[in-house]
2 protein chains.
Amino acid sequence: MRGDDLTPTVLDRVFNARAIAVIGASNDPRKRGFQTIRRLLADGYGGTIHPIHPKAPEILGLPASPSVADVTGDIDLALICTPAATVPGILAECGAKGIPGAVVLAAGFGEIGAAGAEIDATTRQAAAAHGVRLIGPNTNGLFNLHNAMNLVGVDGATPGGIAVCSQSGNMLLSLVSEARRRGGIGFSSYAGVGNQMDVHLAEYLDHFGRDPATRAAVFYVEGFQKGRAFLDTCRHVAQAKPVVICKSGRTAAGQAAAKSHTGALASGFALTQGLLRQAGATVVDSPDDLLPIAHALAHLPLPMGSRVAILADGGGHATVAVDALVEAGVDLATLSGATRARLADLLPAAASCVNPVDVAGGTDADPGLFADCAQAILQDAGVDVLLTVGMFGGYAERFDASLGAAEQAAAQRLAEIAADAGKPLIVHSVYAGLGTAPLAALAAAQVPVFPGMALSVRTVAELVRRGQAVRRLAAAPAATRPLAPDPARAIVAGARAAGRTALYEPEARDLLAAHGLPLSPHVVTRAGEDLDAAMRRLGDGPLVAKVVSPDILHKSDAGGVKLNLSGAAAVRDAIAEIYANANAYDPNAHLHGVMLAPMAAPGVEAILGVVQDPAFGPVMMFGLGGIFVEVLQDVAFRALPLSAEDANEMIAEIGAARILEGVRGAAPVDRAALVELMLTLSRIALAHPEIGEIDLNPVILRADGHDIADARMILRPEGDNT
Amino acid sequence: MRGDDLTPTVLDRVFNARAIAVIGASNDPRKRGFQTIRRLLADGYGGTIHPIHPKAPEILGLPASPSVADVTGDIDLALICTPAATVPGILAECGAKGIPGAVVLAAGFGEIGAAGAEIDATTRQAAAAHGVRLIGPNTNGLFNLHNAMNLVGVDGATPGGIAVCSQSGNMLLSLVSEARRRGGIGFSSYAGVGNQMDVHLAEYLDHFGRDPATRAAVFYVEGFQKGRAFLDTCRHVAQAKPVVICKSGRTAAGQAAAKSHTGALASGFALTQGLLRQAGATVVDSPDDLLPIAHALAHLPLPMGSRVAILADGGGHATVAVDALVEAGVDLATLSGATRARLADLLPAAASCVNPVDVAGGTDADPGLFADCAQAILQDAGVDVLLTVGMFGGYAERFDASLGAAEQAAAQRLAEIAADAGKPLIVHSVYAGLGTAPLAALAAAQVPVFPGMALSVRTVAELVRRGQAVRRLAAAPAATRPLAPDPARAIVAGARAAGRTALYEPEARDLLAAHGLPLSPHVVTRAGEDLDAAMRRLGDGPLVAKVVSPDILHKSDAGGVKLNLSGAAAVRDAIAEIYANANAYDPNAHLHGVMLAPMAAPGVEAILGVVQDPAFGPVMMFGLGGIFVEVLQDVAFRALPLSAEDANEMIAEIGAARILEGVRGAAPVDRAALVELMLTLSRIALAHPEIGEIDLNPVILRADGHDIADARMILRPEGDNT
């Protein structure tokens, strides 16, 4: 599944098929089995087409065979145009013939519910049993325009560098129409994934990663099924090529709409977005952004940093650009004194020579000056990205046609300057979309040119984000499965042996401590036991007492928690009371004891957890306690293993992050200790695959470290290795 | 300033000028005084052009005069193309001639700082002294295309219904280019407001409200100067015409960029946006949205409610549309059983007949069915707006050219169906922008057709918001200045007489109580005084004691607050301690006494305040206490007077609104009582113009009402009537 493995995959053969069997080939022009062959012939497909038809001797002038078994020579791909019921049998024939992959167009499988369940299962089995990789079913097909192999039949798509993978066939139509509208954007390959019965999203992404014709991969996804595999592949592919994803089914209503469409299981969007970005993907809100952003990212150099400069020939556009960049979280570059002096030399006194640079009319009569300004800015070591905004590209139109030649030359020079600097240049122009020659020259040089300010700024922001992600991914060490120390393994094994589904809190604390985490001491005691040794161990501070029982999940509800206990007498009374309360709450509950521990000193309450996402596997959640998580759902997610950069990004990502910096006179929390805690928790979760869920809630964060005030660990059902 | 006042304003005369003096007319084609006249002649301007030139006998074949004084007949508008220094003298001449308005193009006034201050003041005085209303300076001019009067010289703008007012001339170029690119959008009038030295934004808006050719007004604003007047005018105009505003300078960096551009003072954006929407304006994030949304709103009927239905011919687009609508806060309509049955009759079994309706290919062969489905949905009384998404408009292209005639007829019928239903229809189509005939027919019928899903959904959301705003504005009673009861006026007068700049807290509480607000009792006492009567009055609950002093602003810092006091002895000790602390804190502080009041019962902490915004006048702020306001800046603003709908919108608008509904087992707060408190506070602020700032912080909100736990009122400096 890795792009650096040079063994051709089935998808490599499928997309570059030299021989295609069209099963259900037809002489009826209304049928897909006719249209597809006609299209292959019209497009000059260079391979061999084998129409398969039970009786017809030829289809569209090509000799037909009753079955793939009757075909002489290898076949790389079967396009199955026949109804669902016929598919298992056909797959058996394909397998016998050694055909590695089949596209199944028919609907009527799992996506229609119970009525399709049986044929779904039979088809799945047939594909596996006969060694045929299945694309679809319920797909509009695939294409590789560089192979003149358009099995979808979509019109108007030109060959180029954008690969598309979509869970909705209509999204492909949207993208193709948009490419026609924008101009200059072409496609490499497309896969309509349909029901993802067999070949799934990660495999298409892996193929796009290997495909030399593909410069950027675009995904429209309603739900991830093998999400973990997708993340792993994305982490690899995204380092070389942009992977741009629109995930729909983000809202509960959207999920309902998506379910009726493809039956995909959609995870929470905050989680999905966090994980995809962690894996280097570019996640866009709207499918409208897929194509322009993918095309721009495919051709721009990666920025070395996040500092964006703006060059404007109009104050209004500069102001709007600054607002939008700041709102998108992008850093504005600070120009050096030398750059400012150079700009001041070039421009009139009214110009602004700090970022945003506003030429204030200084280039109206000489568009070449605009390129000079861009050069000065791009040569500044403090600038990573340049966004020009305003009227460049329309000077001849706006001021005087005699400026045309100079403006054209300036545009060409602008593109060269950016290429020489190795820095990305994005051009917003009032005149974009009106076909002016200077802007056409920029577009021909693969400089993104947009008429819209919002899209220009989103492109810049995603470019900066991608630069950060690629640097982060390149620096991440290879993941190795961490080892659990023996005492920690013994704790889990003991709980399993006792038939429990969760660790006791003292066990969870011991397990965390066995992995090296600093925890306050605790003692488990029982009603009536002598407390002298315990009190000595726990120190002078006030204590908390909590019931320990496999049968009491909600300890507070059962009266099983007593806070702020000072002195042995108070502790003894509390223990007795907890026993009494617990017995009253559930007379049958097994009471393992009462845990005593020092109260945590006050600080900022946080929640750290690890859950097993059904699509993406082990995932860490971070948020602040109380209403922040419960009401505002202000949380960040990342897949495990976590890197330090991941942890820092999670901390920065929550809306209430400023609270960690210290508010209302409080000192900032110890962020390094928090990051270390998150990394350790990631290692713990991976070292103990038997643990399904970890909940440190709350962790009290302070300037001098933190206390884990409560720890829960839930075991997976035995044998669950999802 | 009101559109129902039929007296023509100066701007009415200016924009419909029948005679224009061009001061600084020139025979040099590079000069504005040449270009403008050439343009007026070329466009067939029907009025009289009077070139003014000190010596030339004629300009471009027109007889020139040395001064406006030498012109025979009335002049409606002077276009002053000469440098800044000449402007005061020219204004004197214009005034003497009775010219009501002048456009001053020159820069070099207040916007360049100290160097322009003197000429700025002189010009301002000259305009006022000679009765000439001044447009600009530092403007690119104005146009009224319906009067063939294009004083800006912008090319490519066609006459139509969109009026534009901009603080940046380049924004006009953006909008004109965009209109060319989109097609079908024309302009009525434009005003470049420049420095707003005299005529300001509200007056342009008032003019656009009166102008019969204007169907929607578009504003690009960097800072409001007479914001209150703009709100008042907007409240009026927006009931008849959309007022669509992009406010830049939203971020601190953006404000800095804007300041170097025009020197405008930008208020906080949350405040500005809250107030503009309250006044019925449509506020868009990006200038990209100004034109398409204004054009759509100008031609669509206002929806009667907020319930949006989606009709899709593609599951993917339906899912994306639902996500985006829900994220935009729009309500999805629930279709009636009858509508669902009708759709089920029309469509195949695989179709989704609930909202979003997905025809699932059922209209591919018969586009007329798509119109039938739209009709069924639009006739549902539970649907206020219809958004169609997907491929309609490209069936002939996608499937078969033979569908063209049927699709064209379906498009025309679709427009008629929406018109008959009196409900807004917005069309998203994959094929928009590719010039298909059915979509052209829809556009010709003024149905908005967009290729982008995001813009389609933003248009729907703004349409729904505008419908709500117009209903709210129509229902709002006329504002009358509320009366202050005598005891309340006496409190303010007493504090003023004592030379204080703020009320004591007990005075503020008495003032609130005098206006009928329920407050717990309080007593002001001094060290050593007998407490029996006070304790009887204040009841059995724990008390709070606070120092009352004009010299101690931060009571807690001074040790001037004691909480949770039970019993006379504790209270006596606390009072003594407060006196001692206050004396230690500031030996010179005048101590008026110590206020005793019952502690507020626990609840949700909120903050209610009234401030005087420099641009917008009295403004209420609402937010939740603690970090919500201080860290997250999660606040809502509205201008006073407040309506009940305003108050409810403020409460709904804050991010933490869910907390008021009761979280973690708490009961919801008494929202009706909160609204009543906000309305009363609005009346109090307006009844006492001497009070500059009111801060009720915190107000403790509970299920059974609320307690005002602290109240501050700051007086305005005497004589400040801004």
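Since this is a predicted model, take the numbers as computed values, not measurements.

**Q** Whenever I open this one, the overall build of chain A confuses me. Can you help?
**A** A tally of helices and strands in chain A yields 24 helices and 30 strands. In terms of its C-alpha atoms, chain A occupies a principal-axis envelope of roughly 95 × 85 × 40 Å. Here chain A, with 722 residues, has 59% of them falling under the buried criterion. Looking at chain A alone, contacts between residues at least 24 apart form 71% of all its contacts between residues at least 6 apart. Only carbon and sulfur atoms are counted for the fraction: they give 53% of the accessible area of chain A, which is about 26700 Å². Across chain A, 56 positive and 73 negative side-chain charges occur, with their mean positions spaced 3 Å apart.

**Q** What's the story with helix H23 (residues 644-653) of chain B in this structure? I'm lost.
**A** Residues that lie three or four places apart on an α-helix share one face, since the helix turns once every 3.6 residues. Residues and elements named next belong to chain B. Within H23, the full set of buried residues consists of Asp-646, Ala-647, Met-650 and Ile-651. On an axial view of H23, the arc spanned by its buried residues comes to 135 degrees, and they lie on one face. The inward-facing, buried residues of H23 abut helix H9 (269-278), helix H17 (453-475), strand S26 (617-624), strand S27 (635-639) and helix H24 (671-687).

**Q** Can you help me understand the packing of aromatic side chains in this one?
**A** Aromatic ring pairs are reported here in terms of the distance separating the ring centres and the angle at which the planes meet. Across all of its chains, the model carries 19 aromatic pairs over all chains by this definition. Both rings, one in Phe-143 of chain A and one in Tyr-190 of chain A, keep their centres 5.6 Å apart while their planes meet at 40 degrees; by these two values the pair is tilted. Residue Phe-143 of chain A is located in strand S8 (residues 142-144), and its partner Tyr-190 of chain A is located in strand S11 (residues 187-192); the two are separated by 47 residues in the primary sequence. The exposure class of Tyr-190 of chain A is buried, given its relative accessible area of 0%. Between the aromatic rings of Phe-628 of chain A and Phe-628 of chain B, the centroid separation amounts to 6.3 Å while the plane-to-plane angle is 15 degrees, which identifies the pairing as stacked. In this pair, Phe-628 of chain A sits in helix H22 (residues 627-630) while Phe-628 of chain B sits in helix H22 (residues 627-630), so the two residues belong to two different chains. Owing to a relative accessible area of 8%, Phe-628 of chain A belongs among the buried residues under this scheme.

**Q** Is there a simple way to think about the relation of the copies chain B and chain A in this case?
**A** Each of the two copies of the chain can be brought onto the other by a rotation about an axis and a shift along it. Overlaying chain B with chain A gives an RMSD of 0.1 Å, the required rotation being 180 degrees about an axis along which the chain moves by 0.0 Å. Here the transformation between the copies is reduced to the relation of a two-fold axis. Take the interface residues of chain B: 100% of them recur as interface residues in chain A, which is what a same-surface contact looks like.

**Q** How should I be thinking about the nonpolar core in this particular structure?
**A** Within soluble globular proteins, side chains that are nonpolar generally end up buried alongside one another. One finds Phe-187 and Leu-442 of chain A together with Phe-187 of chain B to be the most contacted residues of the largest nonpolar core, which totals 183 residues. Residues Leu-681 and Val-699 of chain A together with Phe-622 and Met-713 of chain B belong to the second largest nonpolar core, which totals 99 residues.

**Q** Help me out: how do you make sense of the packing of helix H10 (residues 290-299) of chain B against H17 of chain B in this one?
**A** Residue and element names in this part refer to chain B. Axis separation between H10 and H17 bottoms out at 10 Å; the angle between their running directions is 50 degrees. With respect to H17, the element H10 is oriented oblique. The chirality of how H10 crosses H17 is right-handed. For the pair H10 and H17, contact is made by Pro-292, Ile-293, Ala-296 and Leu-297 and by Leu-455, Arg-458, Thr-459, Glu-462, Leu-463 and Arg-466, respectively. In the contact of H10 with H17, the residues fall into six nonpolar, one polar and three charged.

**Q** Where do I start with the UniProt feature "domain: CoA-binding" (unreviewed entry) in chain A in this structure?
**A** Those residues carrying the UniProt feature "domain: CoA-binding" (unreviewed entry) are residues 14-109 of chain A in this numbering. In residues 14-109 of chain A, helix accounts for 25% and strand for 23%; the two terminal C-alpha atoms are 23 Å from one another.

Cut-offs applied
- Residues numbered from 1 in each chain as written.
- Chains lettered and ligands numbered in written order.
- Predicted model: local features only at pLDDT ≥ 70, side-chain atom pairs only at ≥ 80, totals over all residues.
- Heavy atoms only, no water.
- Helix = DSSP H or I, 4+ residues; strand = E, 2+ residues; numbered from the N terminus.
- Buried < 20%, exposed > 50% of the residue type's maximum accessible area, 1.4 Å probe, protein only.
- Contact = heavy atoms within 4.5 Å.
- Areas by Shrake-Rupley, 256 points an atom, 1.4 Å probe, with all protein chains shown as cover.
- Lys, Arg positive; Asp, Glu negative; His and termini not counted.
- Charge placed at Lys NZ, Arg CZ, Asp CG, Glu CD.
- Arc of directions from axis to C-beta.
- Phe/Tyr/Trp six-rings, centres within 6.5 Å; stacked < 30°, edge-to-face > 60°.
- Least-squares fit on C-alpha atoms with pLDDT ≥ 70 in both.
- Core = buried A, V, L, I, M, F, W, Y, C linked by side-chain atoms within 4.5 Å.
- Axes fitted to C-alpha atoms, helices over the stretch in contact; angles between N-to-C directions.
- Parallel < 35°, antiparallel > 145°, perpendicular 65-115°, else oblique.
- Left-handed = near helix turned anticlockwise from the far one by under 90°.
- Nonpolar A, V, L, I, M, F, W, Y, C, P; charged D, E, K, R; others polar.
- UniProt positions renumbered as here; feature names shortened; annotations may be inferred.

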